[in-house]
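Okay, here's what each chain looks like letter by letter:
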Amino acid sequence: MEFKNTPLSGVLIIQPDIFGDERGYFYETYHKVKFVEHGITEEFIQDNQSFSEKGIVRGLHFQKPPTSQSKLVRVISGEVYDVAVDLRPTSPTFGNWFGIYLSGENKTMLYVPVGFAHGFCVTSETAIFCYKCGELYSKDDESGIRFDDPDLNIDWPVKPEDVKLSDKDAVLKTFAEIKGELAW
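Rules and cut-offs
- Residues numbered from 1 in each chain as written.
- Predicted model: local features only at pLDDT ≥ 70, side-chain atom pairs only at ≥ 80, totals over all residues.
- Heavy atoms only, no water.
- Pairing = 2+ DSSP bridges.
- Helix = DSSP H or I, 4+ residues; strand = E, 2+ residues; numbered from the N terminus.
- Axes fitted to C-alpha atoms, helices over the stretch in contact; angles between N-to-C directions.
- Buried < 20%, exposed > 50% of the residue type's maximum accessible area, 1.4 Å probe, protein only.

**Student:** Where do I start with the pairing of strand E2 (residues 12–15) in this structure?
**Tutor:** A regular strand places its side chains on the two faces of the sheet in alternate fashion. Alignment of strand E1 (residues 2–5) against E2, held across four bridges, turns out to be antiparallel. By the bridge assignment for E2, Glu-2 is matched with Gln-15. Here E2 runs beside strand E10 (residues 109–112); their pairing, made up of three bridges, is antiparallel. Residue pairing for E10: Ile-14 is matched across the bridge by Met-109.

**Student:** Explain the sheet that holds strand E12 (residues 126–133) here, please?
**Tutor:** Two orientations exist for strands paired in a sheet by backbone hydrogen bonds: parallel and antiparallel. Judged by pairing direction, the sheet is antiparallel, and its six strands sit side by side in the order E1-E2-E10-E7-E12-E5 without closing on themselves. Either end of the sheet is taken by a strand with one partner, and the two such strands are E1 and strand E5 (46–53). Strand after strand, the sheet turns through a mean of 25 degrees between neighbouring axes, direction not considered. As defined by bridge partners, strand E7 (residues 71–77) adjoins E12 across six bridges and the pair is classed as antiparallel. Looking at E12, one finds that Leu-72 is bridged to Lys-132.

**Student:** When you look at unusual backbone geometry in this model, what are you seeing that I'm missing?
**Tutor:** Backbone phi values are negative for most residues with the exception of glycine, while trans is the configuration of most peptide bonds. Note the cis peptide between Gly-59 and Leu-60, where omega equals 20 degrees. Within the secondary structure, Leu-60 sits in strand E6 (residues 57–63). Cis geometry marks the peptide bond from Pro-65 to Pro-66; its omega dihedral reads 15 degrees. Of note in the backbone geometry, Lys-107 takes a positive phi value of approximately 55 degrees without being a glycine. You can see Lys-107 is positioned in the loop between strand E9 (97–103) and E10. Residue Lys-107 is classed as buried on the basis of its relative accessible area of 9%. Even without a glycine there, the phi angle at Asn-153 is positive, about 50 degrees. Of the residues examined, Asn-153 reaches a relative accessible area of 58% and is grouped as exposed.

Right, here's the structure in full:
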C-alpha cells in the first residue's frame, strides 16, 4: 500500500497493492497498522455506499464539531472526480481544494481528515461510491458548501447545465457565507 501526500496537509492518496491473475484480483481496502503508520489513527465507525448516475454531484458536505467526520473514500465501479476542500481557518491552504479521479479500475482511495468539505461528481454512466467515516452521521451538525462556489472555483469535469443535484445540495450556502462559522 502506497500513501502519497497531496497539496492539502492531511489529505492522502492511498494506492493499494493489487494482486491479480486470470481469476480476478484481491486487495486490502483498509489495514489499521499500515494506516496508523501513516498518521491515520482514528477508528472508522460507519460505512456508507451510494449509487449515482453521470452528472450527479454530491457535496460539498461536512459535519461541524463536535461530530466532524474524517472519510476514507473509494469507488467500487465506475468513476468519479473526488474533491476535498480545506476548511481549517488556521491552515495555510484554507479555502484551497484538491481533486482526483477515483474509479473501480484504478482502485485509488482518498483519505479526507476532519476539517475538510468533501464532494464528488460522477463522470462514468454510473458509479458505486463507498466510504468509511470516523464519526457517526449527525443531522444536527451537517453542513455544506455549494459545489459551484465562485470563491472556491472548483474545476468540475461536467458542464454546469448537465449537473444533477439533490434538493438539499441545491440550496447549500457559499464559502463566504459559512467562513465565519468554521472552527477546527
